[in-house]
Amino acid sequence: MSSLGLIPLLALLGCAPTPAPTPTPTKPVGPLTATEAAKLEPVGDPVDLEITSAPHVPPPITRDTPAKLVINLEVKEVQKAISDGVDYVQWTFGGDVPGRFIRVRQGDSVEFHLNNHPDNKMPHNIDLHAVTGPGGGAASSFTAPGHSSQFSFKALNPGLYVYHCATAPVGMHIANGMYGLILVEPPGGLPKVDREYYVMQGDFYTVGKYREKGLQPFDMQKAIEENATYVLFNGSEGSLVGDKALTAKVGETVRLFVGNGGPNLVSSFHVIGEIFDRVYTEGGSNFQENVQTTLVPAGGSAIVEFKVDVPGTYILVDHSIFRTFNKGALGMLKVEGPDDKPVYSGKEIDDVYLADKAASTAPPVPAAGGVLSKDDQIKAGGLLFAGTCSTCHQADGKGIEGVFPPLAGSDFLLGDVERAIGVVVNGRSGPITVNGKDYNSVMPPMSNLNDDEVANILTYVTNSFGNSGGVVTAEQVKKVRASTPRPPGAAH
Ligand SMILES: [Cu+2]
């Protein structure tokens, strides 16, 4: 596979195997090493980069020098139809799922602004797999609603990369649609084609069954079990069907930038009636030829290219085929033009297929009897707090004014511990006053935590940040859980 990929690359570089003297290229063409790219300096004034919503991609880059690019990406939490009559609150990079397509050149310097719309309820950040650095930018881009973060990076490696939100609970942010693609073109670009499109798969988990009408909440338990209710291309069923189908003309070459946001499922990406002439597997630099179905990992990508020879409707599917017919993973490419009977002569039937626990230290182990001492509960709770609660309430428990209420010195928390258990287990929304300040937002149920974990976290919280309290027991949590109804979508 790599040798196949190297032939055109060597040709591009002017390294033909003949001993004839090769002319010195006037501009760099073909991929550079990351070390070479790191040395490039931007030429010219900063440029505001155009980013596009799917299925569109920005035009190929014609610059032959690296540039400084400014990207503004706005996070919006929006209610959208994911199927006919089925609404869902999607968390988006730019207003749609998948997020805006970003196209840069290897060696470009990017100044990235992540803007979290003031109407949003959740904090968000961004991890771009194209970024070399801690968290792919996540560590520098944590942004509360109504705030904006800036960080900069240089695009060192060419390829097609996924970006996604990495704010806890990470799985939930991705499941709600927080992913997109960034293409880093090698100098000289990709080979010229006639059409380029952006298709990204994702799995969705709703409380109601497939196509059950109404506004559907996220179902944490189904997500944990990887039991997807919907598997969708470009964020909704029918996003690439009918007059929204992709189009091409006979004789043209089509390139699809294919991504998979997951959060859980890998895609067996296939186009019914076509053979991929080339697949840049996993979005990397080398291509494989003559491929029927390509595997696109969760958090991964592929670039597929094919020439369309005969007219008709070609169906984009996940060939894990129940997902296509029973979960929504179906798109269309409509090709117009004259028949080519020798290539395909049958009768053409259109529409035939329309039918965080990231604890870095091991938690304390209970002594005989299965019960932790208060100190050990605080220790275990502290580890969990760091991966679960601190995203919003902050590591120092002071919260963020107007957005996330404080746990440090909180009269609400310390006044009634059983009520606080209820908040953690079942979530809370609507107006609340903490230490005389008003808040009105949403805390999702932390229903992925078991009784012991909730007890430990609350023991930690009520004995940290200057708070002093007693012990919260798993028995107390169990009682609250049993006496309050499980909110829709909460884990069991
Ligand atoms: Cu997010």
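Residues numbered from 1 in each chain as written. Predicted model: local features only at pLDDT ≥ 70, side-chain atom pairs only at ≥ 80, totals over all residues. Heavy atoms only, no water.

**Focus: the overall build of the protein**
Here's step 1: The helix and strand inventory of the protein stands at eleven helices and 23 strands.
Here's step 2: Within the protein, buried positions represent 51% of all 492 residues.
Here's step 3: Surface summary for the protein: the accessible area is close to 22100 Å², and the carbon and sulfur share equals 55%. (Helix = DSSP H or I, 4+ residues; strand = E, 2+ residues; numbered from the N terminus. Buried < 20%, exposed > 50% of the residue type's maximum accessible area, 1.4 Å probe, protein only. Areas by Shrake-Rupley, 256 points an atom, 1.4 Å probe, with all protein chains shown as cover.)

**Quick word on the sheet that holds strand S9 (residues 179–185)**
Here's step 1: Taken together, the four strands give an open sheet; going across it, the order is S4-S9-S8-S6, and neighbouring strands pair in mixed fashion. Looking at strand neighbours, the two that pair on one side only are strand S4 (102–105) and strand S6 (127–128), the edges of this open sheet. (Pairing = 2+ DSSP bridges.)

**Remarks on the packing of aromatic side chains**
Here's step 1: In this structure the tally under the stated criterion is 14 aromatic pairs.
Here's step 2: On the basis of an interplanar angle of 85° and a centroid distance of 6.0 Å, the ring pair of Phe233 and Phe269 is categorised as edge-to-face. Pair noted here: Phe233 is in strand S12 (residues 230–233) and Phe269 is in strand S15 (residues 267–272), with a separation of 36 residues, a long-range link.
Here's step 3: Accessibility expressed as a relative area gives 2% for Phe233, which makes it buried.
Here's step 4: A centroid spacing of 6.1 Å and a plane angle of 5° characterise the contact between Phe269 and Phe276, whose relative ring orientation is stacked.
Here's step 5: In this structure, Arg278 packs its charged tip against the face of Phe287, placed 3.9 Å from the ring centre.
Here's step 6: Lying over the aromatic face of Phe412, Arg419 brings its terminal NZ or CZ to 3.8 Å of the ring centre. (Phe/Tyr/Trp six-rings, centres within 6.5 Å; stacked < 30°, edge-to-face > 60°. Lys NZ or Arg CZ within 6 Å of the ring centre and 35° of its normal.)

**With respect to the environment of Pro59**
Here's step 1: Relative to the helices and strands, Pro59 resides in the loop between strand S1 (47–48) and strand S2 (68–83).
Here's step 2: Between the alpha carbons of Pro59 and Arg103 there is a distance of 8.3 Å; along the sequence they are 44 residues apart.

**Thoughts on the pairing of strand S3 (residues 86–93)**
Here's step 1: Burial within S3 is extensive, with six of its eight residues counted as buried.
Here's step 2: With eight bridges connecting them, S2 and S3 associate as antiparallel partners. Pairing of Lys76 across the sheet is with Thr92, part of S3.
Here's step 3: Between S2 and S3, which pair antiparallel one after the other, the connecting turn spans two residues, and Gly85 there sits at a positive phi close to 75°.
Here's step 4: In terms of strand pairing, S3 meets strand S11 (residues 214–215) through two bridges, oriented parallel. In the sheet register, Val86 faces S11, and the bridge partner there is Gly214.

**A closer look at the coordination of the copper ion**
Here's step 1: Protein-derived coordination of the copper ion comes from His124 (ND1), Cys165 (SG), His173 (ND1) and Met178 (SD), at a distance range of 2.0 to 2.5 Å.
Here's step 2: Geometry at the copper ion is irregular, judged from the four donor atoms that bind it and their angles of 88 to 138° at the metal.
Here's step 3: Positions of the donor residues of the copper ion along the chain correspond to the pattern H-x40-C-x7-H-x4-M. Pair noted here: His124 is in the loop between strand S5 (109–116) and S6 and Met178 is in the loop between helix H3 (170–175) and S9, with a separation of 54 residues, a long-range link. Each member of the pair His124 and Met178 is classed as buried. (Donors = N, O, S within 2.8 Å, 3.2 Å for Na, K, Ca; no water. Tetrahedral: all angles 85-135°; square planar, octahedral: opposite > 155°, others 65-115°.)

**Topic: the pattern of salt bridges**
Here's step 1: All chains considered together, the criterion is met by 14 salt bridges.
Here's step 2: For the salt bridge of Arg323 with Asp318, the shortest nitrogen-to-oxygen distance reads 2.8 Å.
Here's step 3: Judged by its relative accessible area of 17%, Arg323 falls in the buried class.
Here's step 4: When salt bridges that share partners are traced, they join Arg103, Glu185, Glu196, Arg255 and Glu305 into one network. (Salt bridge = Lys/Arg side-chain N within 4 Å of Asp/Glu carboxyl O.)

**Some words on a nonpolar patch on the surface**
Here's step 1: A cluster of nonpolar side chains, namely Ile321, Phe322 and Phe325, defines an oily patch on the protein surface of about 290 Å² accessible area.
Here's step 2: Among the structural elements, Ile321 can be located in the loop between strand S20 (312–318) and helix H5 (322–326).
Here's step 3: Owing to a relative accessible area of 31%, Ile321 belongs among the partly exposed residues under this scheme. (Patch = residues over 30% accessible without salt bridge, like charges linked within 9 Å, V, L, I, M, F, W, Y side chains within 5 Å.)

**Observations concerning the sheet that holds strand S19 (residues 300–307)**
Here's step 1: The six strands lie next to each other as S12-S10-S14-S19-S16-S17, forming an open sheet whose pairing is mixed. Looking at strand neighbours, the two that pair on one side only are S12 and strand S17 (288–291), the edges of this open sheet. Each strand of the sheet is rotated relative to its neighbour by a mean of 25°, with strand direction disregarded.
Here's step 2: One ladder, built from three bridges, connects strand S16 (residues 276–280) with S17; its direction is antiparallel. For Phe276, the partnering residue across the bridge sits in S17 and is Val291. (Axes fitted to C-alpha atoms, helices over the stretch in contact; angles between N-to-C directions.)

**A closer look at the packing of helix H9 (residues 417–426) against helix H11 (residues 474–483)**
Here's step 1: Where H9 contacts H11, the two axes come as close as 9 Å, and the packing angle between them is 65°. Considering the angle they form, H9 stands roughly perpendicular to H11. H9 and H11 meet at a crossing whose hand is right-handed. Between H9 and H11, the residues in contact are Glu418, Ile421, Gly422 and Val425 and Gln476, Val477, Val480 and Arg481, respectively. (Parallel < 35°, antiparallel > 145°, perpendicular 65-115°, else oblique. Left-handed = near helix turned anticlockwise from the far one by under 90°. Contact = heavy atoms within 4.5 Å.)

**A short note on the confidence of the model for the protein**
Here's step 1: Confidence in the prediction for the protein averages 89 pLDDT; 89% of positions are at 70 or higher.
Here's step 2: Across residues 1–18, confidence stays below pLDDT 50; counting only partners more than four residues off in sequence or on other chains, it has 16 contacts.
Here's step 3: Overall, residues 352–360 carries pLDDT values under 50, and its contacts beyond four positions in sequence, including any with other chains, amount to 15 contacts. (pLDDT = per-residue confidence, 0-100.)

**Considerations on the pairing of S9**
Here's step 1: With respect to burial, S9 is a largely interior element, seven of its seven residues being buried.
Here's step 2: Side chains of S9 alternate between two faces, with Tyr179, Leu181, Leu183 and Glu185 and Gly180, Ile182 and Val184 buried alike.
Here's step 3: Where S4 and S9 come together, four bridges link them in parallel fashion. Paired with Val104 across the two strands is Val184, which belongs to S9.

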